[in-house]
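In case you want the letters, here they are:
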Amino acid sequence: MLGFVAYAVFLPRAADAAIKTDVIVVPTGGVGRTVRGAAILKAGGARRMFISGVAATTRARDIAAENHLDPHLFDCCVDLGREASDTRSNAEETAAWLAGRKAKSVRLVTTDWHMARARFELDRVLPADIRVIDDAVDSEAGFGVLMREYNKYLLRRVAVLAGW
């Protein structure tokens, strides 16, 4: 119970917008993630942004329009990953995308309640020399969302310890 309390009370916050990274990674699924990533990209905080877990039929301009973002930013600087369907595969898809690049720093933009599990999965598949900056989007999540995510996080850690 104390672990859950600590998890809920100490949710991560947004990173300093002045911190520059080589790339921005945004797993799909949460409100505000893409908008936050695009704002950092537009401000020059990174050269490229990767959105992982995009539906096969979704186009970059659809994402830009849905989020009221500049479509030209998506034309020049945003890549879409279409293979991921969950947090674990988001990390794997991100690692595959990064493999062809010379990035040494990544800004991970995801919802505050999702950051622990997303970071855990990403750390498992990225080379140790890639620095990851956590940039959490505030969600004001309720008890149910926090409890579900905390349990998913714990279960995933146990699964990894068991070799899955």
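The numbers attached to residues start from 1 for each chain and follow its sequence in the written order. Only residues with pLDDT of at least 70 get local features here, since the model is predicted, and only at 80 or more are side-chain atom pairs given and counted; chain-wide, interface and lining totals rely on the full set of residues. To obtain the side-chain values, all non-hydrogen atoms of the structure were used and water was disregarded.

(A) The arrangement of the packing of helix 6 (residues 115–125) against helix 7 (residues 143–161) in detail. Axis definition: a line fitted to C-alpha atoms, over the contacting stretch in the case of helices. Angles run 0 to 180 degrees between N-to-C directions. Segments assigned H or I by DSSP are reported as helices when at least four residues long, segments assigned E as strands when at least two residues long, and all are numbered from the N terminus. Contact geometry for helix 6 and helix 7: axes closest at 9 Å, N-to-C directions at 25°. Of the possible angle classes, the one that applies to helix 6 and helix 7 is roughly parallel. In contact with Ala 116, Arg 117, Phe 120, Glu 121 and Arg 124 of helix 6, helix 7 contributes Glu 149, Lys 152, Tyr 153, Arg 156, Arg 157 and Val 160. Here the word oblique covers every angle except those under 35 degrees (roughly parallel), over 145 (roughly antiparallel) and from 65 to 115 (roughly perpendicular). Whether two residues are in contact is decided by their heavy atoms: any pair within 4.5 Å suffices.

(B) Structural view of the sheet that holds strand 2 (residues 48–52). Strand order in the open sheet made by the five strands is 3-2-1-4-5, with parallel pairing throughout. Single-partner strands in this sheet number two, and they are strand 3 (78–80) and strand 5 (131–137). Recorded for the sheet is a direction-independent mean angle of 20° between the axes of neighbouring strands. For two strands to be treated as a pair, DSSP must find no fewer than two bridges joining them. In this sheet, strand 5 lies alongside strand 4 (residues 105–111) in parallel orientation, the contact comprising seven bridges. Looking at strand 5, one finds that Val 109 is bridged to Asp 135.

(C) Representation of the state of the cysteines within the structure. Disulfides are defined as pairs of cysteine sulfur atoms found within 2.5 Å of each other. This structure, assessed with the given rule, holds one disulfide. The disulfide that involves Cys 76 links it to Cys 77, with 2.2 Å between the sulfurs. Handedness here is read from the sign of the S-S torsion; for Cys 76 and Cys 77, about -90°, the answer is left-handed.

(D) Inspection of the nonpolar core at higher detail. By size, the foremost hydrophobic cluster in this structure holds 18 residues, and its most contacted members are Ile 24, Val 26, Leu 41, Met 49, Ile 51, Phe 74 and Val 78. Residue assignment for this core shows that the elements contributing at least two residues are strand 1 (23–27), helix 2 (33–42), strand 2, helix 3 (60–66) and helix 4 (71–77). In this view, Ile 24 contacts Gly 37, Ile 40, Leu 41, Ala 46, Arg 48, Met 49, Phe 50, Arg 107 and Val 109; residues no more than four positions away in its chain are not counted. Think of a nonpolar core as a cluster: buried Ala, Val, Leu, Ile, Met, Phe, Trp, Tyr and Cys residues, connected wherever their side-chain atoms sit within 4.5 Å. Each residue gets one of three labels from its accessible area relative to the maximum for its type: buried under 20%, exposed over 50%, partly exposed in between, using a 1.4 Å probe on protein chains only. Ala 91, Leu 98, Val 132 and Ala 136 belong to the second largest nonpolar core, which has 17 residues in total.

(E) How the structure looks around the environment of Val 9. When you line up the elements, Val 9 lands in helix 1 (residues 2–9). With 104 residues separating them along the chain, Val 9 and Trp 113 place their C-alpha atoms 11 Å apart.

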